[in-house]
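Observations on chain architecture
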Amino acid sequence: MAAFFMKKIVITGAQGLLGEASCRLLKNDYHVIPLTRSEVDLTDSEKLSSYLSDLEFDFLINNAAMSGLEQCLDQPAKAEMVNTVAPRIMAEVCQKKGAKMMQVSTDYVLDGRENVVHVDDVPSITRGSGVYSKTKLAAENAVMSACESSIIARVSWLFGYGRNTFVDQVVNSALAGERAAYISDKFSVPNFSDDLVPAMKKLLESDLTGVIHLCNDVEPETWFSYADKIIQVAINLGILNDNLYLISESKLDEIVFFKQERPRYTAMKSKRLPKELNVDVRNWECGVREYLL
């Protein structure tokens, strides 16, 4: 009987939201090689290239990023190393090994100035509206140029088990009886990280390349409407009482501690996932219910 060998997958940013979900949910199908800062510093290009070159793997998912907008603004050189240079090196190593790479990108690369839903079956209008989005957009182009079998998976507004997120913030604030204001003029699409991983697996195992909008097919939300629906789910589950409903609306321009511009309308939809892969991502509200149970 022939021996069964599991394919190997490198997952960077293994302690983040999508990285944690990827490691946990793919471990039964692949030999998972998680990478965190303790294994390799993404600002050390030579070490990163050497480390990856010494590994044997079939796939690589790069979840790692310097994602704090103000942090990127304050440390642009480091942001470029982590968000652009490191993914390019990963793509170069993948190309040499014949491995398929998935570069996790962001809706923040989208233009965001017009109220349109961006789809992935036609080229989207992109715009680097700040250091973070510029470095992530540069990474998309670098990865696709360096690795012919690469996928750019754009994600938005994640919640999940890797760390506290917006869902936790909303519920905990309500439980504490705190009044909270949420932005009502910035639009995107929430996603449960656990629901994205099955689609990521199918993408890696397919022949698809290029840009994919990795998201569920729902109407855009604002931070305020997102919070409102989270609270309604929590009330239905008995976690919150109606008398703890303490949220109000605010505007993006009113947030004085934002030093870096945020694109206002980056709602995405995927036509490639259902059309080319027959994949539908579950509605995020079902994910909130599962997460809060």
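Above this text you will find the structure in question.
Owing to the predicted nature of the structure, the values given are computational and were not obtained by experimental measurement.

About the criteria used
- Residues numbered from 1 in each chain as written.
- Predicted model: local features only at pLDDT ≥ 70, side-chain atom pairs only at ≥ 80, totals over all residues.
- Heavy atoms only, no water.
- Axes fitted to C-alpha atoms, helices over the stretch in contact; angles between N-to-C directions.
- Helix = DSSP H or I, 4+ residues; strand = E, 2+ residues; numbered from the N terminus.
- Left-handed = near helix turned anticlockwise from the far one by under 90°.
- Contact = heavy atoms within 4.5 Å.
- Nonpolar A, V, L, I, M, F, W, Y, C, P; charged D, E, K, R; others polar.
- Expected span 1.5 Å × (residues − 1).
- Buried < 20%, exposed > 50% of the residue type's maximum accessible area, 1.4 Å probe, protein only.
- Salt bridge = Lys/Arg side-chain N within 4 Å of Asp/Glu carboxyl O.

Here's the deal with the packing of helix α6 (residues 166-175) against helix α8 (residues 223-236)
In the contact formed by α6 and α8, the axes pass within 10 Å of each other and the chain directions differ by 65°. Handedness of the crossing formed by α6 with α8: right-handed. In this structure, α6 contributes F166, V167, V170 and V171 to the contact, and α8 contributes W223, Y226, A227, I230, I231 and A234. Residue composition of the contact of α6 with α8, by class: 10 nonpolar, no polar and no charged.

Let's talk about unusual backbone geometry
One non-glycine residue, W157, adopts positive backbone phi at about 40°. The residue W157 is located in the loop between β6 (150-155) and β7 (158-159) in this model. Despite not being glycine, N278 has its phi angle at roughly 55°, a positive value. Inspection of the secondary structure puts N278 in the loop between α9 (272-277) and α10 (284-292).

Some words on α8
An α-helix turns once every 3.6 residues. As a result, residues three or four positions apart point the same way. Taking 1.5 Å per residue as the helical rise, α8 with its 14 residues ought to reach 20 Å, and the 20 Å between its terminal C-alpha atoms agrees with that figure. Most of α8 is tucked away: 10 of the 14 residues are buried. Considered for burial, the residues of α8 that qualify are W223, F224, S225, Y226, A227, I230, I231, V233, A234 and I235. Considering only its buried residues, α8 is in contact with β7, α6, β8 (180-183), β12 (221-222), β13 (247-250) and α10.

Some details on the pattern of salt bridges
Across all of its chains, the model carries 17 salt bridges by this definition. Among the ionic pairs, D195 bridges to R282, the shortest N-O distance being 3.1 Å. Of this pair, D195 sits in helix α7 (residues 193-205) while R282 sits in the loop between α9 and α10, and the two are 87 residues apart along the sequence. Given a relative accessible area of 15%, D195 falls into the buried group. Where D217 meets K269, a salt bridge forms, and the shortest distance between an N and an O atom there is 4.0 Å. Separated by 52 residues along the polypeptide, D217 in the loop between β11 (210-213) and β12 and K269 in strand β14 (residues 268-269) bring together distant segments of the chain. Classification of D217 as exposed rests on a relative accessible area of 54%. The network of salt bridges with common partners includes D111, R113, R127 and E261.

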